Structure formats: structure tokens, C-alpha cells
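# Descriptive structure summary
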Amino acid sequence: MEDVLTLITMIVLLLLAFHGFGKCSSDLYSRSDFPEGFVFGAGISAYQWEGAVDEDGRKPSVWDTFLHCRKMDNGDIACDGYHKYKEDVQLMAETGLHTFRFSISWSRLISNGRGSINPKGLQFYKNFIQELVKHGIEPHVTLHHYDFPQYLEDDYGGWTNRKIIKDFTAYADVCFREFGNHVKFWTTINEANIFTIGGYNDGNSPPGRCSFPGRNCTLGNSSTETYIVGHNLLLAHASVSRLYKQKYKDIQGGSVGFSLFAMNFTPSTNSKDDEIATKRANDFYLGWMLEPLIYGDYPDVMKRTIGSRLPVFSKEESEQVKGSSDFIGVIHYLTALVTNIDINPSLSGIPDFNSDMGESINILSMRSVVSPWAMEGILEYIKQSYGNPPVYILENGKTMNQDLELQQKDTPRIEYLDAYIGAVLKAVRNGSDTRGYFVWSFMDLYELLNGYKSSFGLYSVNFSDPHRKRSPKLSAHWYSGFLKGKPTFLGSQGITQLHSNFSSSR
Ligand code: BGC
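Keep in mind the model is a prediction, meaning the values are calculated, not measured. (Residues numbered from 1 in each chain as written. Predicted model: local features only at pLDDT ≥ 70, side-chain atom pairs only at ≥ 80, totals over all residues. Heavy atoms only, no water.)

### Section: the pairing of strand E12 (residues 434-440)
- Counting buried positions along E12 gives 6 out of 7 residues, so the element sits mostly inside the fold.
- Relative to E12, strand E1 (residues 39-43) runs parallel, the two being bridged by 5 bridges. From the neighbouring strand, Phe 40 faces E12, where its bridge partner is Tyr 437.
- By the bridge criterion, 3 bridges tie strand E10 (residues 391-395) to E12 in an arrangement that is parallel. In the strand pairing of E12, Val 391 is matched with Thr 434. (Buried < 20%, exposed > 50% of the residue type's maximum accessible area, 1.4 Å probe, protein only. Helix = DSSP H or I, 4+ residues; strand = E, 2+ residues; numbered from the N terminus. Pairing = 2+ DSSP bridges.)

### Some details on the state of the cysteines
- This structure, assessed with the given rule, holds 1 disulfide.
- A sulfur-sulfur separation of 2.0 Å characterises the disulfide bridge that pairs Cys 210 with Cys 217. In this structure the cystine formed by Cys 210 and Cys 217 twists about its S-S bond by roughly 95 degrees; its chirality is therefore right-handed. Across the pair, exposure class does not vary: Cys 210 and Cys 217 are buried alike. (Disulfide = S-S within 2.5 Å.)

### So, the packing of helix H5 (residues 81-95) against helix H7 (residues 119-134)
- At their nearest, the axes of H5 and H7 sit 9 Å apart, and the two run at 10 degrees to each other. As summarised for this structure, H5 and H7 are arranged roughly parallel, according to the angle between their axes. Touching Gly 81, Tyr 82, Tyr 85, Lys 86, Val 89 and Met 92 of H5 are Lys 120, Phe 124, Asn 127, Phe 128, Glu 131 and Leu 132, all from H7.
- Taken together, the residues of the contact of H5 with H7 sort by class into 7 nonpolar, 2 polar and 3 charged. (Axes fitted to C-alpha atoms, helices over the stretch in contact; angles between N-to-C directions. Parallel < 35°, antiparallel > 145°, perpendicular 65-115°, else oblique. Contact = heavy atoms within 4.5 Å. Nonpolar A, V, L, I, M, F, W, Y, C, P; charged D, E, K, R; others polar.)

### Considering the site of the ligand
- Taken together, Gln 48, His 145, Asn 190, Glu 191, Phe 261, Tyr 333, Glu 395, Trp 440, Glu 447, Leu 448 and Phe 456 are the residues near the ligand.
- Note that an oxygen atom of the ligand is positioned 2.7 Å from one of the side-chain N or O atoms of Glu 447.
- Across the complex, the protein chains shield 95% of the 310 Å² of accessible surface that the ligand would expose by itself.
- Here the residues of the shell around the ligand sort into 5 nonpolar, 3 polar and 3 charged. (Near = heavy atom within 4 Å. Polar contact = N/O pair within 3.5 Å; in protein donor to acceptor, adjacent residues only side chain to side chain. Areas by Shrake-Rupley, 256 points an atom, 1.4 Å probe, with all protein chains shown as cover.)

Shown next, in the form of C-alpha cells:
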């Protein structure tokens, strides 16, 4: 009898495993499980990678100024990508990337932000794009990734002034005209919501404006500028998108998108209050810009709470903004627990984005928490709330300490990427129109909030070496294997194997 039971148990287990219900086999997937046309890439941004900040006619951006005034680590040399781009494209090709995301430094291409083109800047981007194309890698280009030209900031206050719409459109026109024969994917603004909150509400990222006492901001008004800048970003994006449709789309056949930092918000308890607070957090963080892009106006809860401090779209503007994004770029790192609090006093005594939103948000650290369900949740939320627009995950990845030795053996990064790419696959299988995934970052960079203390790269960069030597980490081998068709969910056995192959190849 016992033998029969054992036999039945074994048969059931075998059947479960065969049907993919066992832990390992159910999570096993490969590149070919993704729909045809789904692209995989990795990314960097100009200021974080290029260096050469005062070479060949480049002039400062607000990011240069922000760091130098605060005497922080800076991107003066960064990865020296400006000089090493050919070597880097070679690495991208060896890794097997289909596509590469980078941004253009506006003040390298047009030194003062408007007016004449800097010929050497133009040549650099032409060469870089040419090199990518030669290696069969599709360029995905962002026009604005924090490094706004300082000249325009000083001239009229940058994004706080509507004059920016004209200058941003003229800059985009140059990019479309000069690079559009090879570039088919354009993102106007990198994570517009967090750029605005960090730069104009909290003051902890460039250009560092806010009105909090003791925050090192010399100028700014967190109560109003956050919303004015958000509004101008949307109008500038819409203007660029219209330009592309009118002048370039028929000939070049590309698309223009907008990107947002998408946090996953989860109620901290199952109380009705926390559930409502979570909806409010989604409306403030995502809906603030997604709702105008998809439906033409701000979420009601924002209009009610912020009142006259929230700019109003004219009928014509609303029509221009609505439908102006061919795809939504999702940047995802964080998951947060939301607790309702009835009154959220602002630190400065005047209302700001955080007090307007009015809840307590406990961000679970991006270092320790691997929560792939959060990625799935965001993609499902965008699908359900915004009519399932085309989505590209433009950034996702794991930060680790900048310790070269440890960094090479970055198995936690592999586990992270494996889980998150798997989550994207699940979302796609559930009907999300997600079309691509980019690891942040291709190599270690000057990091936005941490300088050189931590990094996200698949390749390490030795920042103490004048030649900025690049070396593949385990995660680069893993990603490359995945892109070349190896099934993933390696499990600990696979990782150990990868580890020993790596050690013996050094
Ligand atoms: C930014 C990147 C940054 C990354 C990691 C993103 O929000 O777009 O520039 O390096 O976060 O901090």
C-alpha cells in the first residue's frame, strides 16, 4: 500500500512538473516567449556617461551647475563616453542588445540652448548613431534627461517660463532633421513627474529649486512652480509631437513618447481610507501627466485640492496634449506603502506637492526589496486606467554599492532582472501592450542621487582609472545569455555555474 502511495505521489509530482507547476519549471522563460517585435535594450544618459563637459563647444547644463555649486561629485569625466563610444558600442553588440537608450545633451548640440548648432556636438551624435546602426542596434533617444541648458535657465527661468515651448520645439526640430533618418524612437522628457518634483518641489535634483527652509535652495516656490513646470513640460511635449507629425512622421515613420517615473502604490492596510489614499497617490504621481496625455485634463482630485495653483488647459491646449504620446515610457524602481493621514502639513508652512497629495508614503527601499509583482501591477494599472497605450519600460534595474570586486559578482542583480523581466512577460500575457524593456544601466554611471557611491551597471567602470576601464559583471553575461536565447530563471544552480564560468574566464 505504502509503495502504491509513493508511486502515485511521484506520478503527480512528475505531472505537475511536466505541466510547469513546479517552482523552477513554471518560472522558466526565454526571450522567444516574448511577442515578435518586443525589444530588449539597456540605457545611459548624456550627463551620466559622456563626460567631456567643456570640450568641443559644450556649455553647462543645470546639472553641472547644481553639482558644482553644492560641491558634490560630478559628471565632468563620468564614463568618458564622449571619447569611448566606439568601444562601448562594441560591448553593446557583444552583449546582444537590440536597442540602446541614450539622451542628447542639448547644450552640446546647441551650446546656448537656442541659436546656432555646435558642429562638433552635431558630429559626435551623428558618429555615435552611425556606430550603433552599423552594429545593428536601434537608437532610442531622449531629448531631455535633467541636463537643461544653463543659459536658458539664466535667461528666463527655464521650464518655469512658457518661452521654453518655442525653444524646446526648435531643439527637437534640429534633432529630427539631423538624426531622424536613423532614429525612430524619441522620448521628449525623461521621467517628467519626478524631474518636476525633485527639481522644483523638493529641490534635491537639478535645477534644485524649492521653498523649504534649510534645503539649500536659493530660489523657487514649491507651492506653484511644481505645477507650472509640469504644465509647461506637457505643452512643450505636445508641441514637439505635433511638429513631428506635421513635418517628419510621413518621411521618417518614427514615434514620439513621454516618460514617467511609475511607483507601485499599495495600501498599507485594507482600510477604505488607505485604499482611497492609494488612488490619490496614483492620481498625483501618474495621473497628473498621464490623464492629460490620454484624456486631455488633470485628474479631478488634483483640480479640487490644488485649486488656482494648478494651471488650466485651454480647449486648444487640451486637444493638443490629448493623444500626443505615441507611447508611454515607464521608469520603474520603487514600490511604496500608502497610509492615509487627514492633514499633511507642509514642511515650509505653505502647501506643496506632498501636502497637496495628503498621505504618508513609505517607500520600500530599492536596495532590499525585490517585488516584481509591483512591475506587473503598474503595467496592469496603466492598461486598465488609461486604455492600454503602447508602453516601453525605459528603465528598471538594481542598485548596488560601488565596490568593484563585489560588483563583478552581482548575483542579486541577476535575480532582480530575472524576476522583473518575468513580471513583464506575465503582464504582456495578461494583455498589456508593453513593447520593450531596457535595463538601467548599461554600465556604471555618475548616479543621479548617489554620485559614484552606488551603481546599476551591467558593466563596471573603474572610475579611479584614467582610462575608465569597463569590465562585464555576471549580470552582463546573464543578460547576454538571455538575449541570445538561453532560458532563464537560473535558480541558485545556474547562478553558481555562471559564477564559476566567469571566475575561470578571468
Ligand atoms: C533616472 C536616471 C537615474 C536612475 C537611478 C532614474 O530615475 O532617470 O537618470 O540614474 O533613476 O537613480
